[in-house]
Structure formats: structure tokens, C-alpha cells
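Given next are the chains, with one letter for each unit.
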Amino acid sequence: WGSKYVSISKPYETFLAQCASGNLPAVSFIDPRFEDEGSGSSTDDHPHADLRAGEYFLNQTYNAITSSPSWPNTVFIINYDEWGGFFDHGPPPETRDAHESPKLAKNWGQRGFRTPTVMISPFARRGHVSHRVYDHTSILKMIEWRWGLAPLSVRDAAANNIALDLDFSDPNTDAPAFNVPAAPQGEPCQNSLPFGEETEWSGMRAKARRRGFAV
């Protein structure tokens, strides 16, 4: 988006400071570090990232939120934008969308494969696995529901509110600590391959051939 949202964007260190002071904004979106994926030193869990760095980033964020004065009234959602397997055995259903189309390649109402989502909150049901159908706009639906805002499109208007899986009757502010060691952030992975689509696919082809697949 270029410079469009620079005015409302802050460094990660600002978020950590706001957690510590209890001055978190009503809504925050936290992105990991995307730069240097090719060297494996990003924290976004995307190839060729070092997964240890991503886990350490998530744990640092979790610790900041759960130790914040704002924690008793916070819902922390970890949501991936895609899934590493790029395959799902469950047929994806359709949903309402502003870009619905009878042509599959252009139909944004065709859902894709399922993505991992974790809700962490005093209102979260411990050990609970939801079987409701949500999508990324379900988070937007919760924000709209919480502050009485109108939907932005037919997509979020039709989405299930992810707050349906929260329990506001018996909040539990206990938050277990996790021993996640610091990862070598900012340092390239040893023996990392040159980054690029052709290099990546060539490596996958070679690996498949070694396993006996004809590609």
C-alpha cells in the first residue's frame, strides 16, 4: 500500500511500550518482520524464514499482552493469511462477497483452504476447538459488533462473529508462561539457498526426482 497507512503505523517497539503502560489502542494489527525472507532471518514463518524466529516473535507478543494492565479486557488473535500445505481435504464452501462471479478464477466468494487461528483471552474457552465456519472478516465482524459499526461489505456482513466462541460470563486472567528460546534474529541461516521463484521450484523438482517422482 506504499505510504497510504504510514500515519497510523508504528514500530513494534511502540506496541510493546503501549502494552507495558496499559495504553493499547482499541484495535491493533501486529505484523511480523517480512524483510530478508531469502536469508531466513525474517520472523513471518514464510519460506525461507527460520521458524524459531517466528515462534520467539509470537511469544514476545504474547508475553507483552498477558503482562499488560490491559490484559483483563483483551482478545489476542493469531491468524495466518495462508497455510503451508496449499491443500485442504475439506471442500471449501462459498460465501457472500462483493466480487462474486460464476467464473471460478474470478470468484472471491469461493473460500480457500482453512488457515490456523488461535484466540487468547481471559474470555477464551480453555482447550476449546470451534467447529463454526469463520473467515478473516470474522475478526472484522467482531470489531464492528463491539463498537456498533456498520459492515464494510456483504462479506463481513455475512460472516460469523468470531466472538461467538468467547465466554464473557467467567473470565480467567491466568496466562501460562512458555519457554521459547530467543532465535538468532537478523542473522542469515547457514546454507540458505538463493531466494527466487525459479530457484525455489528447481530445488523442489530436484528433491522430487530423488524421491522417485517424475517431474
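Just above sits the structure.
Residues numbered from 1 in each chain as written. Predicted model: local features only at pLDDT ≥ 70, side-chain atom pairs only at ≥ 80, totals over all residues. Heavy atoms only, no water.

Trainee: Can you walk me through helix α1 (residues 12–21) in this structure?
Mentor: In an α-helix there are 3.6 residues to a turn, and that puts residues three or four apart on one side. Of all the positions in α1, only Y12, F15 and C19 are classed as buried. Relative to the axis of α1, the buried residues are bounded by an arc of 55° and lie together on one face. Facing away from the buried side of α1, by more than 90 degrees, are the exposed residues E13 and A20. Its buried side turned inward, α1 meets α2 (51–66). Phi for G22, located one or two positions after α1, is positive at around 75°. (Buried < 20%, exposed > 50% of the residue type's maximum accessible area, 1.4 Å probe, protein only. Helix = DSSP H or I, 4+ residues; strand = E, 2+ residues; numbered from the N terminus. Arc of directions from axis to C-beta. Contact = heavy atoms within 4.5 Å.)

Trainee: I would appreciate a short explanation of helix α3 (residues 137–147) in the present structure.
Mentor: Inspection of α3 places T137, S138, I139, M142, I143 and E144 among the buried residues, and these make up the whole buried set. Contacts made by the buried residues of α3 are with β1 (76–79) and α4 (154–158). Where α3 ends, the next residue or the one after it, G148, has phi of about 65°, a positive value.

Trainee: I would appreciate a short explanation of the pattern of salt bridges in the present structure.
Mentor: Two side chains bearing opposite charge may form a pair once their charged atoms approach each other closely. Tallied over the full model, the rule gives eight salt bridges. Among the salt bridges present, the one from D36 reaches R33, with a minimum N-O distance of 2.7 Å. Look at D36 and you get partly exposed, because its relative accessible area is 44%. In this structure, R114 and D88 form a salt bridge, with 2.8 Å as the shortest nitrogen-oxygen distance. With a gap of 26 residues between them, R114 in the loop between β1 and β2 (117–120) and D88 in the loop between β1 and β2 connect regions that are remote in the sequence. Here the salt bridges share partners, and the residues they tie into one network are D97, R111, D135 and R155. (Salt bridge = Lys/Arg side-chain N within 4 Å of Asp/Glu carboxyl O.)

Trainee: Just to check I follow, could you spell out the nonpolar core for this structure?
Mentor: Side chains that are nonpolar tend, in soluble globular proteins, to be buried together. Of all hydrophobic cores here, the largest spans eleven residues; its members are Y12, F15, C19, F57, Y62, A64, I65, W71, F76, I78 and I120. Residue assignment for this core shows that the elements contributing at least two residues are α1, α2 and β1. The leading source of residues in this core is α2, at four residues. Beyond its immediate stretch of four places on either side in the chain, W71 contacts I65, T66, I120, S121, P122, T173 and A175. F123, I139, M142 and A163 belong to the second largest nonpolar core, which has eight residues in total. (Core = buried A, V, L, I, M, F, W, Y, C linked by side-chain atoms within 4.5 Å.)

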